[in-house]
Amino acid sequence: SADGIKLAATVTGGNIWTSSNSGATWTEVTSVNATKTWMFITSSADGTKLAAVVNGGNIWTSTDSGATWTSVGLSNKSWWDITSSDDGTKLAATNRFNNIWTSTDSGATWTENTSTGATKSWRTITSSDDFTKLAVVVQNGNIWTSTNSGATWIENTSTGAGKRWRTITSS
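Source: prediction; values computed, not measured.

Focus on the sheet that holds strand 3 (residues 27–29)
Right, on to step 1. Across the sheet, which stays open at both edges, the 3 strands sit in the order 1-2-3 with antiparallel pairing between neighbours. Of all the strands in the sheet, the pair left with one neighbour each is strand 1 (7–10) and strand 3. Across this sheet, the average inter-strand angle for adjacent strands is 30°, counted without regard to direction.
Right, on to step 2. The pairing of strand 1 with strand 2 (residues 16–19) spans 4 bridges and is classified as antiparallel. Each residue of the ladder has a partner; that of Ala 8, found in strand 2, is Thr 18.

Now the structure itself:
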């Protein structure tokens, strides 16, 4: 959560863990299968809406701070990262070796964005609170930005191509 009280963490090959007291204690969420290769997790500002991606699996969402989870499908994809708007209704996920996907209904439905051309090795993605501005990095590529909630993307080549970009964040 934006105030740091509600936290959520993923364990590769394990479960999701949540904390409602700034990390003083943690609870393992056993309602999701522990054999998943969890990659990244994101939260709404109030910490109630969570979304997590599984590499080679599905996208999962929660509306109760991680107590229960629902698979939203989109299975067998190489999901890498996910980001959320402040209210948790808008999501964007990177699919390694594929395209960027967005949702405007808290993950109930998803749209694949093919405007960037050929598939890329997408890594992490970040968004502004209102979700209008997005930025994503491509391993062995460039940084891409969107100023219209991911409808269109601009590749920034000023840094020079071929860098092993890994993560990106925004305030």
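Still more to cover.
Thoughts on unusual backbone geometry
In most cases, non-glycine residues show a negative phi, while peptide bonds are predominantly trans.
Right, on to step 1. The residue Ser 65 is not glycine, and still its phi comes out positive at about 60°.
Right, on to step 2. Of note, Ser 65 is situated in the loop between strand 6 (59–62) and strand 7 (70–71).
Right, on to step 3. The phi dihedral of Phe 97 is positive, around 70°, even though this residue is not glycine.
Right, on to step 4. Examined against the element boundaries, Phe 97 turns out to sit in the loop between strand 9 (91–95) and strand 10 (100–103).

Basis of the calculations
- Residues numbered from 1 in each chain as written.
- Predicted model: local features only at pLDDT ≥ 70, side-chain atom pairs only at ≥ 80, totals over all residues.
- Heavy atoms only, no water.
- Pairing = 2+ DSSP bridges.
- Helix = DSSP H or I, 4+ residues; strand = E, 2+ residues; numbered from the N terminus.
- Axes fitted to C-alpha atoms, helices over the stretch in contact; angles between N-to-C directions.

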